[in-house]
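Residue-level structure breakdown
What follows is each chain in one-letter form.
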Amino acid sequence: KQEVTQIPAALSVPEGENLVLNCSFTDSAIYNLQWFRQDPGKGLTSLLLIQSSQREQTSGRLNASLDKSSGRSTLYIAASQPGDSATYLCAYISSGSARQLTFGSGTQLTVLP
Amino acid sequence: DGGITQSPKYLFRKEGQNVTLSCEQNLNHDAMYWYRQDPGQGLRLIYYSQIVNDFQKGDIAEGYSVSREKKESFPLTVTSAQKNPTAFYLCASSIGTGRANYGYTFGSGTRLTVV
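Here's a quick rundown of the structure.

Here we take up the pattern of salt bridges. Residue and element names in this part refer to chain B. Per the counting criterion, the structure on display carries 5 salt bridges over all chains. Between Lys71 and Asp30 there is a salt bridge, with the nearest N and O atoms lying 3.3 Å from each other. Residue Lys71 is located in the loop between strand S7 (64–66) and strand S8 (76–78), and its partner Asp30 is located in the loop between strand S3 (19–25) and strand S4 (31–38); the two are separated by 41 residues in the primary sequence. By relative accessible area, Lys71 is classed as partly exposed at 24%.

All names here are of chain B. Two elements, strand S5 (residues 42–51) and strand S6 (residues 54–57), share 3 bridges in a ladder whose sense is antiparallel. Bridge pairing links Tyr47 to Lys57 in S6. Following S5, the chain reverses through 2 residues before pairing antiparallel with S6; Asn53 in that reversal takes a positive phi of roughly 65 degrees.

Within the structure shown, the criterion is met by 2 disulfides over all chains. Between Cys23(A) and Cys90(A) runs a disulfide, and the two sulfur atoms are separated by 1.9 Å. In this structure, the disulfide formed by Cys23(A) and Cys90(A) twists by about -55 degrees around the S-S bond and is classed as left-handed. A residue pair is termed long-range when its members are at least 10 positions apart, and Cys23(A) in strand S3 (residues 19–25) and Cys90(A) in strand S9 (residues 86–94) qualify at 67 residues. Per residue, the accessibility class of Cys23(A) equals that of Cys90(A), and both read buried. Covalent S-S linkage joins Cys23(B) and Cys91(B), the inter-sulfur distance amounting to 1.9 Å. What sets the handedness of the Cys23(B) and Cys91(B) disulfide is the S-S torsion sign, and at about -75 degrees it is left-handed. Taken together, the residues span a long stretch of sequence, with Cys23(B) in strand S3 and Cys91(B) in strand S9 (residues 87–94) at a distance of 68 residues. A relative accessible area of 0% places Cys91(B) in the buried class.

All right, on to the environment of Arg68(B) then. All names here are of chain B. You can see Arg68 is positioned in the loop between S7 and S8. Between the C-alpha atom of Arg68 and that of Gln50, which follows or precedes it by 18 residues, the distance is 9.5 Å. At 3.3 Å, the side chain of Arg68 forms a polar contact with the backbone oxygen of Lys70.

Take the side chain of Thr77(B) next. Residue and element names in this part refer to chain B. Mapping Thr77 onto the fold places it in strand S8. A polar contact is formed between the side chain of Thr77 and the side chain of Thr20, at a distance of 3.0 Å. Every residue in contact with Thr77, bar those within four places of it in the chain, is listed here: Asn18, Val19, Thr20, Gly63, Tyr64 and Ser65.

What follows deals with the environment of Gly58(B). Residue and element names in this part refer to chain B. Note that Gly58 resides in the loop between S6 and S7. Separated by 10 residues in the primary sequence, Gly58 and Arg68 have C-alpha atoms spaced 15 Å apart. The residues touching Gly58, leaving out its near neighbours within four places in the chain, are Leu45, Ile46 and Tyr47.

All names here are of chain B. Pairing is antiparallel across the open sheet formed by 4 strands, whose spatial order is S1-S3-S8-S7. Two strands close off the open sheet at either side, each with one partner strand: strand S1 (4–7) and S7. The mean angle between the axes of side-by-side strands here comes to 20 degrees, regardless of whether they run parallel or antiparallel. Inspection of the sheet shows S1 paired to S3 by 4 bridges, in the antiparallel sense. Looking across to S3, one finds that Ile4 is bridged to Gln25.

Quick notes on the rules
Residues numbered from 1 in each chain as written. Chains lettered and ligands numbered in written order. Predicted model: local features only at pLDDT ≥ 70, side-chain atom pairs only at ≥ 80, totals over all residues. Heavy atoms only, no water. Salt bridge = Lys/Arg side-chain N within 4 Å of Asp/Glu carboxyl O. Helix = DSSP H or I, 4+ residues; strand = E, 2+ residues; numbered from the N terminus. Buried < 20%, exposed > 50% of the residue type's maximum accessible area, 1.4 Å probe, protein only. Pairing = 2+ DSSP bridges. Disulfide = S-S within 2.5 Å. Polar contact = N/O pair within 3.5 Å; in protein donor to acceptor, adjacent residues only side chain to side chain. Contact = heavy atoms within 4.5 Å. Axes fitted to C-alpha atoms, helices over the stretch in contact; angles between N-to-C directions.

In structure tokens:
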């Protein structure tokens with residue numbers, strides 16, 4: 001069974017720090033990779049989508065990279081703010097016809113004011 | 001604004017009762033999905049549909065049923081056969097599978113509790 005691992009499971013940082021969240025996957029035949037944010041009791045908000053032909057995507061203070069050959073993706077958050085506190089989920093979209101999404105278990109981020 | 005609407009936000013089910021969760025999208029997406037989220041277990045795929053009048057079982061389909069009569073709608077029924085239905089249910093949609101920018105959009109979820 002293909003898996004997605006996110007490290008660390010939880011992270012607490014002071015406001016203003018730059019931080020990196022890690023995601024590794026075993027399936028080499030991924031189509032795209034997507035990073036989501038989930039606030040407690042809420043749905044998932046898409047942050048960045050990296051297509052298989054791309055190596056990174058940027059949106060504001062967020063930058064996500066993808067290295068298919070090593071099975072890794074990172075989400076870089078610059079100048080963290082308390083409003084960034086949430087669970088961050090990494091998921092890859094398979095290359096199979098169904099284009100199914102396989103999720104990691106997430107990194108719970110707390111940014112302290 | 002385009003998006004996915006899930007209703008109700010909270011739902012309570014009595015033992016032996018069937019309940020239906022609504023999911024509507026106005027994104028003109030072809031594919032729709034239902035996921036279940038339990039604490040500490042991540043998201044698991046229940047059912048998905050890539051086109052109207054067609055749907056496929058996911059990893060945990062037992063005790064659930066779906067229909068896809070319209071492109072915009074993908075309701076999920078939790079039947080009495082589902083022995084542990086208390087969970088957070090998320091509906092998602094995505095653009096056609098042939099598109100390079102294939103990504104998922106999620107709704108805000110329905111929290112189902114057995115009483």
